Amino acid sequence: MSAPEESDYAVSAEFYDLLQAEGDRRRARRWFADAAGRARHGIVEFGAGTGLVTEVLLESSGVPVHAVEPAPAMRTVLMSRAAALGADRRARLTVHPGRAEDAGLVEAADLAVAANVVGCVEPAARRALWRTAARALVPGGVLLFDPPPTGLPDEAETLTGLGPVRLGTDSYRADITRLPDRGLLRMVFDYRVERAGRAVRHAREEFPMWPADPAALAAEAAQAGLEFVASPHPELLAARRPSG
């Protein structure tokens, strides 16, 4: 689940599944499994990341799934996960490298999903995402996504970290900090590996996020031909391509 801007996930791709797979799978099933089970035409996933949501979409549906992932580091993990799928699910999965607007998807799906994406792309790319989703959906099709933050904290905030997770003799964890920065929200991930209580590795990666309120998002989506509708899940927003 990714949307590269200033970072290409070259650092985080190594740690992502180890530290986040369990939580991301639970969230993906909560958010998308029911909607995927109702899809009859196809599913498009914007920002597929390492493929955790992709797996849930495939296991919950019987339709083609298009996974769009521009970051090479994340896509490498996604392709490894795809290689381990059963033949039926591999036959239904198409992976699209590059930007969403370059995937060439036209009326390919009645469901599109974007997890951890809309807040992670700059406004121009966000508006391009609405246009791409409108083209990719059949009339009546719906895009489901988690909303970006609506504002900025007054100062740096330390969030609940990830891990620790044991791997052999090593312990992996990540500390996460939110920093306001000239209208942006910077998410800072500090990854640490310890062995016998001693630090043996430290890596860091930052991700910008762009706050936006739902009304502004709805106005942008409307310009692209999507209308906001009631979401099937309280943690998500939904935009539909009108049937008429």
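A short tour of the structure in this document, coming up.

Focus: the pattern of salt bridges
- The final tally for this structure, using the stated rule, is 24 salt bridges.
- The closest approach of N and O atoms between R201 and E14, which form a salt bridge, is 2.8 Å. With R201 in strand β9 (residues 198-209) and E14 in helix α1 (residues 12-38), this pair connects stretches of sequence that are 187 residues apart.
- Judged by its relative accessible area of 36%, R201 is partly exposed.
- The shortest N-O distance in the salt bridge between R99 and E101 comes to 3.6 Å.
- For E101, a relative accessible area of 31% corresponds to the partly exposed category.
- Several salt bridges converge on common partners, so that one network encompasses D17, R25, E55 and R81.

Observations regarding α1
- With 27 residues, α1 ought to run about 39 Å at 1.5 Å a step, yet its terminal C-alpha atoms sit only 33 Å apart, falling short of that.
- Maximum bend of α1: about 65°, positioned at Q20.

Here's the deal with the pairing of strand β8 (residues 184-195)
- The buried count for β8 comes to nine of twelve residues, which makes it a mostly enclosed element.
- In this sheet, β8 lies alongside strand β7 (residues 170-181) in antiparallel orientation, the contact comprising twelve bridges. Bridge pairing links D170 to R195 in β8.
- In this structure, the hairpin formed by β7 and β8 is closed by a connection of two residues, where R182 is found at a positive phi of approximately 50°.
- Relative to β9, β8 runs antiparallel, the two sharing eleven bridges. Residue pairing in the sheet places E194 in a bridge with A199 of β9.
- Taken together, β8 and the strand that follows it, β9, pair antiparallel across an intervening segment of two residues, in which A196 is found at a positive phi of about 55°.

Thoughts on the pairing of strand β2 (residues 65-68)
- Of the two faces of β2, the one carrying V65 and A67 and the one carrying H66 and V68 are both buried.
- In terms of strand pairing, strand β1 (residues 43-46) meets β2 through four bridges, oriented parallel. If you follow F46 over to β2, its bridge partner there is V68.
- In the classification by handedness, the crossover that spans β1, the intervening helix α2 (residues 52-60) and the parallel β2 is right-handed.

Some words on helix α6 (residues 214-223)
- For α6, the set of buried residues is L217, E220 and A221. All buried residues of α6 project into a common sector of 100° when viewed along the axis, lining one side. Turned more than 90 degrees away from the buried face of α6 sit A215 and Q223, all of them exposed.
- Buried residues belonging to α6 abut α5 (123-136), β5 (137-145), β10 (227-229) and β11 (237-240).

Some words on the sheet that holds strand β3 (residues 93-96)
- Judged by pairing direction, the sheet is mixed, and its seven strands sit side by side in the order β3-β2-β1-β4-β5-β11-β10 without closing on themselves. Of all strands in the sheet, those with a lone pairing partner are β3 and β10, marking the two edges. Mean inter-strand twist for the sheet, computed between neighbouring axes without regard to direction, equals 20°.
- Packing against the sheet, α5 makes contact with β1, β4 (109-114) and β5, and its axis sits at approximately 135° to β5.

What counts, and where the lines are drawn
Residues numbered from 1 in each chain as written. Predicted model: local features only at pLDDT ≥ 70, side-chain atom pairs only at ≥ 80, totals over all residues. Heavy atoms only, no water. Salt bridge = Lys/Arg side-chain N within 4 Å of Asp/Glu carboxyl O. Helix = DSSP H or I, 4+ residues; strand = E, 2+ residues; numbered from the N terminus. Buried < 20%, exposed > 50% of the residue type's maximum accessible area, 1.4 Å probe, protein only. Expected span 1.5 Å × (residues − 1). Bend = angle between axes of the 7 residues up to and from the residue. Pairing = 2+ DSSP bridges. Right-handed = clockwise from strand over helix to strand, strands pointing away. Arc of directions from axis to C-beta. Contact = heavy atoms within 4.5 Å. Axes fitted to C-alpha atoms, helices over the stretch in contact; angles between N-to-C directions.

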